[in-house]
Amino acid sequence: MGVNIKGGNNTTGLANVSSTYELQVVTPQTEADAGFVQISTEMDAGDVLGTRTVVPPECSDDYRLRVGLDQTLFNASFEGTTLLTTLYNQLLTTQTTGQANGFLTLNNTPHTTTTTAAYVRTHRHFPTFGTYPTYLDLWIREANTTATNAISEWGFLFLTAQTTQQPIDGIYFRRTSGGSLYGVVTNNSVDIATTAAINTTNVPSRDGVGSFDPTESNHYLIVYHNDVVRFWINDVMVAELACPAANAQFTSSSNTPVGLRVLNTGAASAGRQLSVGFINVGFGDQNVNKPWSHALCGMGAGSYQLQNGNTPGPTVTRTNGAHGHPASTTARIAGTWTATSAPALNSLGGLWTTPAMSTLTSDADYPVFAFLNPAGTAALPGKTLYVTGVRVGEAYVSAAASTNSMLLSYILMVGASSATTSTADAATTVSGKSIAIGGHGFTPTEAVGNYKPGFDMPFESPLMVPAGHYFVFVVRPFGTVTSNTLVVTSSLAVNGYFE
């Protein structure tokens, strides 16, 4: 049916129309009378699922539209069964931690004894920069949340004595004795702000099925800068706190670690547990322009350390006298060098020593270091190794030369499925791809103590080593080796990161 619209001639209670019969609309000029329009973007038209999906844009507290400027500072998961000690510090009193099935669990074997605790924090402390937000995402599940005489805390959390109830600094969630949940800000060992008990009645479950359940894996988010901190659960804001007027910022220190703690303040009625499955810390709004390699190394992904799921340790072998620094007073002993296959130490660089040239074959490849980038499994993330540069150290004459001049040529071989330099491409094998990076030359009169300068080789385009494949450093001698007593000691340093 049609609706008749006619001019109201500026009469109270009647709408005006134009001479061509369009309704004349003016938005309210008084702010209190104004409505609003919500802007949303369509993620999916619903052609397959049947339901159109739209999401609103997000603004920060300083009115900046959140776009693709966020910078990840720290990103960690918990594959495998060994906590990566290069990233985390554990302070334990009777309680233990356990890592399995993608979670790190505090109070893993549930203890109820009074004054016992488990506290895990990152070695790294994370900054805030004035009005730019800092984000902390945690995927957490809990057990025995209503236990009495037990508390659990997670977020930015710093303390030095795990059984002391009061943290020193932090912005974090706290579940108290009996199960109430709060957002807390601690400054110099004083809780300067605490939310009311968080009501989770209207918080959805993370997967949208049923209601919020703390024993399921839920997404907790803390967003803060110098003026306000907000607490979120499963994309629903559940609390916010303004910075007290007496303080310039929330915490006493502007840099705070990520921490998790379970503490029994008395004889607990049940063993409170806290399990974390993923952690991410990031900056918002500012165009940091931090190179991705720098960001990854800040997350503990430098080429000098093994990655999550492996036994923690360095990638440069340093365990005993046969492997050089730091336990031995000499470099790695010569050992047996065999063309194409040995010594092939599973080490991403380090100190090395040749045998006498007379024991080698001229123009043959000797793989000195052959680092196997661990293969990915269901319990271990397969990381890609990017080599951004190497340094071959000074070549020291440790046994005098005789008879002939020699050149030691150095080759990097990446991506092979075997440490053997003769590996060919086939259905189940991959040959190494090689790049010659330089060498050291020696005269037939070289004396002990002589040395040749080291050199750097940066790679503007990094060398890429997939998971389950090798990085190999090859030494190839040129010249007549017969009767040559020359022995050379040198080193290899590798710069890069895992992604």
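Structure shown above.
Residues numbered from 1 in each chain as written. Predicted model: local features only at pLDDT ≥ 70, side-chain atom pairs only at ≥ 80, totals over all residues. Heavy atoms only, no water.

K.L.:
I'd love a proper account of the packing of aromatic side chains, names of residues and values included.
P.N.:
By the definition in use, this model includes 18 aromatic pairs. Judged by centre distance (6.3 Å) and plane angle (85°), the rings of Phe-74 and Tyr-88 are edge-to-face. Separated by 14 residues along the polypeptide, Phe-74 in strand E3 (residues 71–77) and Tyr-88 in strand E4 (residues 88–93) bring together distant segments of the chain. The exposure class of Phe-74 is buried, given its relative accessible area of 1%. Aromatic side chains Trp-337 and Trp-352 sit 6.5 Å apart centroid to centroid with 40° between the ring planes, which places their arrangement in the tilted category. Taken together, the positions of Trp-337 in the loop between helix H1 (292–298) and strand E18 (350–353) and Trp-352 in strand E18 put the pair 15 residues apart, joining distant regions of the chain. For Trp-337, a relative accessible area of 8% corresponds to the buried category. You can call Trp-352 buried: its relative accessible area is 1%. One aromatic cluster in this structure is built from Trp-337, Trp-352, Tyr-366, Phe-369, Tyr-410, Phe-455 and Phe-473. Here Arg-141 stacks its cationic end above the ring of Phe-103, 3.8 Å away from the centre of that ring. (Phe/Tyr/Trp six-rings, centres within 6.5 Å; stacked < 30°, edge-to-face > 60°. Helix = DSSP H or I, 4+ residues; strand = E, 2+ residues; numbered from the N terminus. Buried < 20%, exposed > 50% of the residue type's maximum accessible area, 1.4 Å probe, protein only. Lys NZ or Arg CZ within 6 Å of the ring centre and 35° of its normal.)

K.L.:
Please set out the pattern of salt bridges residue by residue, giving values where relevant.
P.N.:
Tallying each qualifying case throughout the model produces 13 salt bridges. Between Glu-42 and Arg-52 there is a salt bridge, with its nearest N and O atoms 2.6 Å apart. Residue Glu-42 is found in strand E1 (residues 41–44), and its partner Arg-52 is found in the loop between E1 and strand E2 (53–55); the two are separated by ten residues along the sequence. Classification of Arg-52 by relative accessible area gives exposed; the value is 55%. Of the charged contacts in the structure, one is a salt bridge between Glu-142 and Arg-175, with a shortest N-O distance of 2.6 Å. Of the two residues, Glu-142 sits in strand E8 (residues 134–143) while Arg-175 sits in strand E10 (residues 169–175), which places them 33 residues apart along the sequence. Judged by relative accessible area, which is 5%, Arg-175 ranks as buried. When salt bridges with common partners are traced through the structure, they connect Glu-153, Arg-174, Asp-191 and Arg-261 into a single cluster. (Salt bridge = Lys/Arg side-chain N within 4 Å of Asp/Glu carboxyl O.)

Without other data, these values stay purely geometric and don't point to any function.
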